[in-house]
Amino acid sequence: MKLVFATHNLNKLKEVQALIPSQITLVSLTDIGCLEDIPETSNTLEGNAKLKADYVTQKYNLPCFADDTGLLVNALKGAPGVFSARYAGEQKSSDDNMIKLLSELYTEEDRTAKFQTVIALNLNNESLFFEGIVEGEITTRRKGEKGFGYDPIFKPHGYNQTFAELPLQVKNDISHRGIATKKLINYLQKLF
């Protein structure tokens with residue numbers, strides 16, 4: 001079965017490919033010739049995931065899933081949330097986003113936060129959603145070289161390391177995207 005993951009982010013693709021069963025051939029937007037950025041105009045993670053999945057399904061007539069992820073920081077009343085990727089501007093720079101977030105939390109004692117991922121799957125004329133959440137805290141400085149996005153400043157509860165310090169297998173076991181992807185995979189495996 002060929003399934004499109006509506007992303008251009010090779011790091012995301014790599015994380016998800018490590019979890020997908022061998023009966024599924026996972027392809028990216030680039031693989032199907034979709035080079036444009038799909039607009040994310042919804043004010044919810046679920047809405048943005050569905051917009052991306054619907055775009056691929058309608059334009060390319062392929063089964064597809066898409067995700068949207070937000071980092072929700074308690075001291076910032078849930079920001080950056082749905083704007084996590086472009087928190088510091090439309091250039092979508094992870095470095096700029098982390099600098100902005102760390103500066104906003106500089107004097108905050110409450111550094112608790114959570115990552116939330118919502119996956120929208122379009123398959124067999126049906127749309128389904130899968131969610132994953134991981135609780136943690138924002139560190140005071142960057143740590144680690146692995147991962148992407150906010151990984152160097154997010155430390156999941158129960159761990160002394162950031163996502164950027166943890167091995168990929170450990171991160172996939174506990175992360176928001178890993179949890180949501182496992183729910184997706186459990187659903188897909190029932191189809192075989």
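Keep in mind that what you see is a predicted model, and the values were worked out from it rather than measured. (Residues numbered from 1 in each chain as written. Predicted model: local features only at pLDDT ≥ 70, side-chain atom pairs only at ≥ 80, totals over all residues. Heavy atoms only, no water.)

(A) Molecular detail of the nonpolar core. Among the nonpolar cores identified, the biggest contains 18 residues, and Leu71, Val73, Leu101, Ile138, Tyr150 and Phe154 are the most heavily contacted of them. Looking at this core, the elements with two or more residues in it are β3 (64-73), α3 (94-104), β5 (112-123) and β6 (126-138). Among the elements that line this core, the one with the most residues is α3, at three residues. Once you skip the residues sitting within four places of it in the chain, Leu71 turns out to touch Gly78, Ala79, Pro80, Gly81, Ser84, Leu101, Ala113, Lys114, Phe115, Ile138, Tyr150 and Phe154. Listed in part, the 16 residues of the second largest apolar core include Leu3, Ile119, Leu123 and Leu188. (Core = buried A, V, L, I, M, F, W, Y, C linked by side-chain atoms within 4.5 Å. Buried < 20%, exposed > 50% of the residue type's maximum accessible area, 1.4 Å probe, protein only. Helix = DSSP H or I, 4+ residues; strand = E, 2+ residues; numbered from the N terminus. Contact = heavy atoms within 4.5 Å.)

(B) Inspection of the pattern of salt bridges at higher detail. All told, the structure shown has eleven salt bridges when counted by the stated rule. Between Asp67 and Lys12 there is a salt bridge, with the nearest N and O atoms lying 3.0 Å from each other. A residue pair is termed long-range when its members are at least 10 positions apart, and Asp67 in strand β3 and Lys12 in helix α1 (residues 10-17) qualify at 55 residues. Relative accessible area serves as the criterion here: at 1%, Asp67 is assigned to the buried category. In this structure, Lys59 engages Glu36 in a salt bridge whose closest nitrogen and oxygen atoms are separated by 3.0 Å. (Salt bridge = Lys/Arg side-chain N within 4 Å of Asp/Glu carboxyl O.)

(C) Local environment of the pairing of β3. The buried fraction of β3 is high, at ten of ten residues. Of the two faces of β3, the one lined by Cys64, Ala66, Asp68, Gly70 and Leu72 and the one lined by Phe65, Asp67, Thr69, Leu71 and Val73 are each fully buried. The sheet contact formed by strand β1 (residues 2-5) and β3 spans two bridges and is parallel. What sits directly across from Val4, in β3, is Cys64. (Pairing = 2+ DSSP bridges.)

(D) Summary view of helix α5 (residues 176-189). Between its first and last C-alpha atoms α5 spans 20 Å; for 14 residues at 1.5 Å apiece the expected length is 20 Å, and the two agree. Buried residues in α5 make contact with β1, α1, β3, β5, β6 and α4 (168-174). (Expected span 1.5 Å × (residues − 1).)

(E) Expanded view of unusual backbone geometry. The omega torsion across Ala79 and Pro80 is 0°, close enough to zero to call that bond cis. Positionally, Pro80 belongs in strand β4 (residues 80-81). Its identity is not glycine, yet Lys92 carries a phi of approximately 55°, on the positive side. In this structure, Lys92 sits in the loop between β4 and α3.

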